[in-house]
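Here is how the chains run, residue by residue.
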Amino acid sequence: MAKATFSILRGEAGGGQLVDYTTEVTEGMVVLDAVHQIQAESAGDLACRWNCKAGKCGSCSAEIDGQPRLMCMTRLNQLDLTKPVTIEPMKAFPHFKDLVTDVSWNYRVKKGITKFTPRKPDAADGTWRMHQEDVDRAQEFRKCIECFLCQDVCHVLRDHHLHDEFIGPRFLVYTANLEMNPIDTENRLDELRKLHGIGYCNITKCCTKVCPEEIKITDNAIIPLKERVVDHAFDPLAKLIGLVTGKIPGP
Amino acid sequence: MADYQTFDHDVLVIGAGGAGLRAAIEAAGAGVSVGLVCKSLLGKAHTVMAEGGMAAAIGNVDDRDNWKVHFTDTLRGGQYVNNWRMAELHAKEAPDRVKELEAWGALFDRTKDGRILQRNFGGHRYPRLAHVGDRTGLEMIRTLQDHGIHQGIDVHMEVTVTTLLKRGDRVCGALAYDRQQGQFRLFRAKAIVLATGGVGRAYQITSNSWEYSGDGQALAYEAGAALMDMEFIQFHPTGMVWPPSVRGILVTEGVRGEGGVLLNNRGERFMFGDIPDNYKAQTADNPEEGWRYTQGDKNARRPPELLTRDHVARCIVREVREGRGSPHGGVFLDIQWIKEKLPNAAEHIRKKLPSMYHQFKQLADIDITKQPMEIGPTTHYIMGGIRVDGDSQMSNVPGLYAAGESAAGLHGANRLGGNSLSDLLVFGKRAGEYAARFAKDNPAVAPDAGEVNERITEALAPLERKNGESPYRIQQDLQTMMQDLVGIVRQEDEMVRAAEGLAKLKERATRVSAAGNRQYNPGWHTAIDLKNLLTVSEAVILSAIARKESRGGHFRDDYPEKKPEFGGHNHLINRAADGSMKLVAQPIPPMPDELKRIVEEMK
């Protein structure tokens with residue numbers, strides 16, 4: 001059987017170093033299998049998150065040979081096994097231990113986004129009428145598995161640490177999903193501009209490249225939101241109408 | 001004195017998949033304080049893996065559907081050992097629970113006139129499953145999560161409960177540890193809802209993640225609650241079989257719902273050769289009719305690939321055993337053939353089954369629009385679990401409730417695909433509602449501090465012990481044993497060997513040790529989960545030995561037929577005074593005439 005070496009970041013917050021583990025590799029193996037094998041063979045306390053092992057829960061995000069990826073969907077035959085494969089935790093979040101980071105910031109951010117509020121039901125039985133074409137757009141955003149890899153690569157968060165001012169691509173996608181839900185009645189354009197820092201995004205599309213769900217984060221979520229924000233905040237005609245009628249113009 | 005933090009909640013919900021989240025939302029809505037414990041991060045529970053949809057007789061696609069048809073489909077699929085009251089409530093309430101999700105932000109696939117679209121699934125007479133492509137579970141858990149975070153629920157992420165605490169008969173709290181720091185938490189609660197999911201980790205080949213170690217079932221059992229129907233485990237017919245590292249990962253029944261067919265290595269659609277008598281009238285007898293059914297022809301009957309999961313899984317095992325399997329020990333599931341019928345087949349498949357396309361492409365180098373998949377049965381779901389009252393979901397321990405997969409009753413001997421997601425919603429809601437009521441009607445009682453300290457010491461033992469056995473090793477041995485001896489085809493002598501093997505594993509587990517410290521230490525966590533896995537495995541073995549017949553998910557090679565004398569009772573598992581596990585046969589209460597009439601009408 002062939003063997004491969006994995007260089008895994010071990011240690012607790014503020015410290016840690018790459019430790020080499022060599023283990024057997026078999027056909028079809030993914031990085032998460034190697035991590036599990038190493039846990040069972042020689043590093044019982046190696047910390048990593050995982051759940052579904054099928055790319056659906058978004059728990060096992062890590063940086064593999066420097067690339068942000070899901071460990072369960074990264075096959076070993078896509079990697080160069082002639083040298084040690086490095087496995088490190090995501091860098092945009094505080095390190096906790098080994099491959100585990102503290103992602104709780106993401107959960108706090110989500111809570112701060114104005115929640116979904118539907119219009120009155122369209123039918124007497126309390127249901128709505130929406131056509132497939134109307135829901136297609138938001139459905140794309142709802143594929144998100146919250147792996148936070150897009151947050152991990154976003155330079156505003158990763159390099160500039162603007163976590164207090166910018167909600168990151170994941171939550172711009174989340175906001176887009178709410179804004180483009182056909183029956184939602186809220187308007188989140190002011191909070192996007194003033195509280196959630198949409199202006200920080202300079203559409204480098206790094207987030208789109210790493211999305212395991214292939215959501216077109218920049219093109220389909222962020223750019224349309226930016227356009228709506230601009231139209232809403234800076235459209236002089238709308239502002240005038242708003243002043244005269246007392247109504248806030250919709251998106 | 002051990003060190004721990006104390007939290008007070010009126011209702012504590014343990015488990016944050018569909019049932020737990022729904023229970024927490026309902027309890028919070030009733031005005032009590034709610035704590036929600038999740039073993040993982042919020043939104044990662046196994047509900048995300050559900051693919052096909054949630055069954056509810058809304059009748060949007062076929063207006064002949066109604067609760068009575070859904071009710072009888074559920075009983076027929078469960079081979080009539082279901083809790084009929086739960087089957088009735090489920091069928092009646094599922095439509096409202098599904099529509100409610102839309103009010104909370106869910107976006108289901110649509111019919112042409114803009115309503116919720118419904119798809120065909122095994123054992124359901126009419127297209128009944130509300131869905132979003134093949135990622136319905138994700139849609140459901142995200143909707144509940146995003147709604148739930150605004151309901152004032154205290155969420156405890158990455159926290160595992162090790163013990164339920166009682167005062168007298170009543171449950172009064174739970175002891176837990178947080179994964180990150182390894183610190184203990186004492187939850188004092190007036191009522192507790194268990195929604196911890198299944199037991200799949202007891203098996204080697206499973207669609208379940210590490211979390212599904214039978215925690216709720218084992219905690220309830222230890223607290224004096226009865227378990228029921230633990231022999232009924234569902235082996236989903238279509239799990240991936242190749243490459244080895246993906247073995248067991250689920251392939252949605254939706255593939256067959258969209259026209260996918262099962263073939264053996266001779267290219268035969270072997271399901272046509274084995275249609276059970278009680279399904280003959282509603283099953284197509286030729287491929288053409290089966291295809292028309294999948295394309296929405298109301299006059300066509302469903303193809304035999306969409307027979308119930310227990311039956312399809314056994315047919316696959318037979319094909320493999322008799323030498324007609326695929327190269328890696330499964331059979332073929334073919335959806336690409338529909339290009340003979342549809343001009344834009346490849347695009348259609350990618351649209352209808354996006355995550356399956358993705359999963360095979362990435363993990364197996366298979367393009368399902370061009371090649372057949374190789375599939376075989378995988379341990380998927382346990383129909384048995386904590387015995388509950390059909391209306392309130394309370395166990396026989398006052399104040400202790402259970403919902404979703406951890407509870408028993410709704411599905412009888414075999415669950416229909418799509419009935420799980422609706423189960424989570426209907427009975428999650430009910431459990432939350434009744435638990436909140438219980439919390440309002442009963443004062444808090446304080447757990448015994450001495451017991452708390454004792455249990456903490458017990459939980460820390462694997463870390464203190466040096467040079468014991470690896471928890472991973474014992475877990476693997478248990479999984480292999482359950483797979484080999486108490487799997488999809490069972491017989492007495494093998495299960496007796498499993499019972500003996502289990503006693504040895506329990507003994508080994510007392511000497512387990514975990515290296516490292518308390519911080520995020522999976523070895524230690526595995527050691528703690530192991531105890532629950534062993535308890536539920538013992539219950540499965542005991543119940544499976546006692547049921548000397550074949551019914552639903554329980555198939556015995558030595559008793560291949562269904563026997564009427566076993567059709568009238570459920571198996572209950574209780575903890576005896578001496579600590580040993582005891583089984584009794586409990587007669588199923590007679591069905592009211594009104595329901596009996598419905599069953600007769602629908603035959």
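All of these numbers come straight from a predicted model, not from anything done at the bench.

Q: Looking at this structure, I do not really get the overall build of chain A. What am I missing?
A: Per the secondary structure count, chain A includes 10 helices and 7 strands. C-alpha atoms of chain A, sized along the principal axes, occupy 75 × 40 × 25 Å. When burial is assessed residue by residue, chain A has 56% of its 251 residues classed as buried. The contacts of chain A with a sequence gap of at least 6 include a subset with a gap of at least 24, amounting to 60%.

Q: What is the right way to read the nonpolar core from this model?
A: A general tendency of soluble globular proteins is for nonpolar side chains to be buried together. Ranked by internal contacts, the top residues of the largest apolar core, which has 251 residues, are Phe6(A), Met71(A), Ile87(A), Leu164(B) and Val486(B). Sorting elements by how many residues they give to this core places helix α12 (residues 419-441) of chain B first, with 11 residues. Among residues more than four places away in sequence, those in contact with Met71(A) are Val30(A), Val31(A), Leu32(A), Val35(A), Cys48(A), Arg49(A), Cys60(A), Ala62(A), Ile64(A), Ile87(A) and Leu99(A). The next biggest cluster of nonpolar side chains, apart from the first, holds 14 residues, and it includes Phe184(B), Leu186(B), Val452(B) and Leu460(B).

Q: Mind showing me how you'd approach the packing of aromatic side chains here?
A: Each aromatic ring pair is characterised by the separation of its centres together with the angle its planes make. This structure, assessed with the given rule, holds 13 aromatic pairs over all chains. Ring geometry for Tyr177(B) against Phe184(B): centres 6.4 Å apart, planes inclined by 65°, an arrangement best described as edge-to-face. Like Tyr177(B), the residue Phe184(B) is buried in the burial classification. Chaining the aromatic ring pairs together yields one cluster made of Phe93(A), Trp105(A), Tyr107(A) and Phe148(A). Above the ring of Trp67(B), the side-chain terminus of Lys92(B) is found at 4.6 Å from the ring centroid. The ring of Tyr381(B) is capped by Arg415(B), whose NZ or CZ atom sits 4.1 Å from the centre of that ring.

Q: I'm lost on the environment of Gly28(A) in this one. Help?
A: The topology assignment puts Gly28(A) in the loop between β2 (17-25) and α1 (31-41). Relative accessible area serves as the criterion here: at 10%, Gly28(A) is assigned to the buried category. Sequence separation between Gly28(A) and Asp125(A) is 97 residues; the distance between their C-alpha atoms is 50 Å. When sequence neighbours within four positions are dropped, the list of residues in contact with Gly28(A) reads Arg75(A), Pro243(B) and Ser245(B).

Q: Can you walk me through α12(B) in this structure?
A: Helix length check: α12(B), at 23 residues, gives a terminal C-alpha distance of 32 Å against a target of 33 Å (1.5 Å per residue), a fit within 8%. Counting buried positions along α12(B) yields 19 of 23 residues, so the element is predominantly enclosed.

Q: Where do I start with the interface of chain B and chain A in this structure?
A: A common measure of how large an interface is: the accessible area buried when the components associate. Contacts between the two partners involve 63 residues from chain B and, on the opposite side, 61 residues from chain A. Counting each side, the surface lost to burial between chain B and chain A is near 5200 Å², with a carbon and sulfur contribution of 53%. Contact with chain A buries area across many residues of chain B, yet Lys44(B), Leu107(B) and Tyr520(B) alone supply 13% of it, more than any other trio. Where chain B meets chain A, there are 7 salt bridges. Arg49(A) is paired through a salt bridge with Glu158(B); the nearest N and O atoms lie 2.7 Å apart.

Q: Help me understand unusual backbone geometry in this model?
A: Excluding glycine, most residues fall at negative phi; most peptide bonds, likewise, are trans. Residue and element names in this part refer to chain B. Of note, the bond from tryptophan 242 into proline 243 is cis; its omega dihedral lies within 30 degrees of zero at -5°. Of note, proline 243 is situated in the loop between β11 (233-240) and α6 (254-257). At glutamate 158, a position not held by glycine, the phi torsion is positive, near 50°. Inspection of the secondary structure assignment puts glutamate 158 in the loop between β6 (154-156) and β7 (159-167). With a relative accessible area of 4%, glutamate 158 lands in the buried category.

Q: Got a minute to help me understand the domain arrangement of chain A in this structure?
A: Residue and element names in this part refer to chain A. Domain annotation for chain A reports domain 1 (2-101) and domain 2 (104-245). The gap between the C-alpha centroids of domain 1 and domain 2 is 31 Å. Listed by partner, the interface residues are 14 residues for domain 1 and 15 residues for domain 2. A buried area of about 1100 Å², summed over both sides, lies between domain 1 and domain 2, and 61% of it is on carbon and sulfur atoms. Ranking the residues of domain 1 by area buried against domain 2 places Pro68, Ala92 and Phe93 at the top, with a combined share of 46%. At the junction of domain 1 and domain 2, the tally comes to 1 salt bridge. A salt bridge links arginine 158 to glutamate 63, with the nearest nitrogen and oxygen atoms 2.8 Å apart.

Q: Is there a simple way to think about the environment of Met180(A) in this case?
A: Residue and element names in this part refer to chain A. Among the secondary structure elements, methionine 180 is positioned in the loop between α6 (168-179) and α7 (189-194). The class of methionine 180 is buried, set by a relative accessible area of 4%. Remark: the alpha-carbon pair of methionine 180 and phenylalanine 141, spanning 39 residues in sequence, is separated by 9.5 Å. Not counting chain neighbours up to four residues away, the residues in contact with methionine 180 comprise Asp134, Arg137, Ala138, Phe141, Asn220, Pro224 and Arg228.

Q: In this structure, what is going on with the sheet that holds strand β5 (residues 85-88) of chain A? I would like to understand it.
A: In sheet architecture, strand pairing relies on hydrogen bonds along the backbone and comes in two forms, parallel and antiparallel. Residues and elements named next belong to chain A. The sheet built from 5 strands is open, its strands ordered β2-β1-β5-β3-β4 with mixed pairing. Only two strands of the sheet have a single partner each, and these edge strands are β2 and β4 (67-70). Across the sheet, the axes of successive neighbouring strands diverge by a mean angle of 35°, strand direction being ignored. The pairing of strand β3 (residues 61-64) with β5 spans 2 bridges and is antiparallel.

Q: Is there a simple way to explain the pairing of β2(A) in this structure?
A: Side chains on a regular strand alternate between the two faces of the sheet. When strand β1 (residues 2-10) of chain A meets β2(A), the two strands line up antiparallel, connected through 9 bridges. Pairing of Ala4(A) across the sheet is with Thr23(A), part of β2(A).

Q: Hey, could you run me through the domain arrangement of chain B in this one?
A: All names here are of chain B. Under the domain assignment used here, chain B contains domain 1 (236-379) and domain 2 (464-568). Taking only C-alpha atoms into account, the centre of domain 1 sits 30 Å from that of domain 2. Each partner contributes residues to the interface: domain 1 has 7 residues there, and domain 2 has 7 residues. For the pairing of domain 1 and domain 2, the buried interface totals around 520 Å² over both sides, and the portion due to carbon and sulfur atoms is 61%. Contact with domain 2 buries area across many residues of domain 1, yet Asp310, Arg314 and Arg321 alone supply 66% of it, more than any other trio.

Q: Would you mind showing me how to read the packing of helix α14 (residues 471-485) of chain B against helix α16 (residues 522-546) of chain B here?
A: Geometry of a packed helix pair, given as the angle between the helix axes and the separation of the axes. Residues and elements named next belong to chain B. Where α14 contacts α16, the two axes come as close as 9 Å, and the packing angle between them is 25°. Between α14 and α16, the crossing angle belongs to the class labelled roughly parallel. Remark: the crossing between α14 and α16 carries left-handed chirality. Across the interface between the two elements, Pro471, Tyr472, Ile474, Gln475, Leu478, Met481 and Met482 from α14 touch Pro522, Gly523, Thr526, Ala527, Leu530, Leu533, Leu534, Ser537, Val540 and Ile541 from α16. Among the residues making up the contact of α14 with α16, the classes are represented as 13 nonpolar, 4 polar and no charged.

Q: I tried to follow the side chain of Gln139(A) on my own but got confused; where do I start?
A: Mapped onto the secondary structure, Gln139(A) falls in helix α3 (residues 132-141). In this structure the side chain of Gln139(A) is engaged in a polar contact, spanning 3.0 Å, whose partner is the backbone oxygen of Leu107(B). Every residue in contact with Gln139(A), bar those within four places of it in the chain, is listed here: Gln132(A), Leu107(B), Phe108(B), Asp109(B), Val132(B) and Arg135(B).

Cut-offs applied
- Residues numbered from 1 in each chain as written.
- Chains lettered and ligands numbered in written order.
- Predicted model: local features only at pLDDT ≥ 70, side-chain atom pairs only at ≥ 80, totals over all residues.
- Heavy atoms only, no water.
- Helix = DSSP H or I, 4+ residues; strand = E, 2+ residues; numbered from the N terminus.
- Buried < 20%, exposed > 50% of the residue type's maximum accessible area, 1.4 Å probe, protein only.
- Contact = heavy atoms within 4.5 Å.
- Core = buried A, V, L, I, M, F, W, Y, C linked by side-chain atoms within 4.5 Å.
- Phe/Tyr/Trp six-rings, centres within 6.5 Å; stacked < 30°, edge-to-face > 60°.
- Lys NZ or Arg CZ within 6 Å of the ring centre and 35° of its normal.
- Expected span 1.5 Å × (residues − 1).
- Buried area = accessible area lost by both parts, 1.4 Å probe.
- Salt bridge = Lys/Arg side-chain N within 4 Å of Asp/Glu carboxyl O.
- Domains from an automatic or database assignment.
- Pairing = 2+ DSSP bridges.
- Axes fitted to C-alpha atoms, helices over the stretch in contact; angles between N-to-C directions.
- Parallel < 35°, antiparallel > 145°, perpendicular 65-115°, else oblique.
- Left-handed = near helix turned anticlockwise from the far one by under 90°.
- Nonpolar A, V, L, I, M, F, W, Y, C, P; charged D, E, K, R; others polar.
- Polar contact = N/O pair within 3.5 Å; in protein donor to acceptor, adjacent residues only side chain to side chain.

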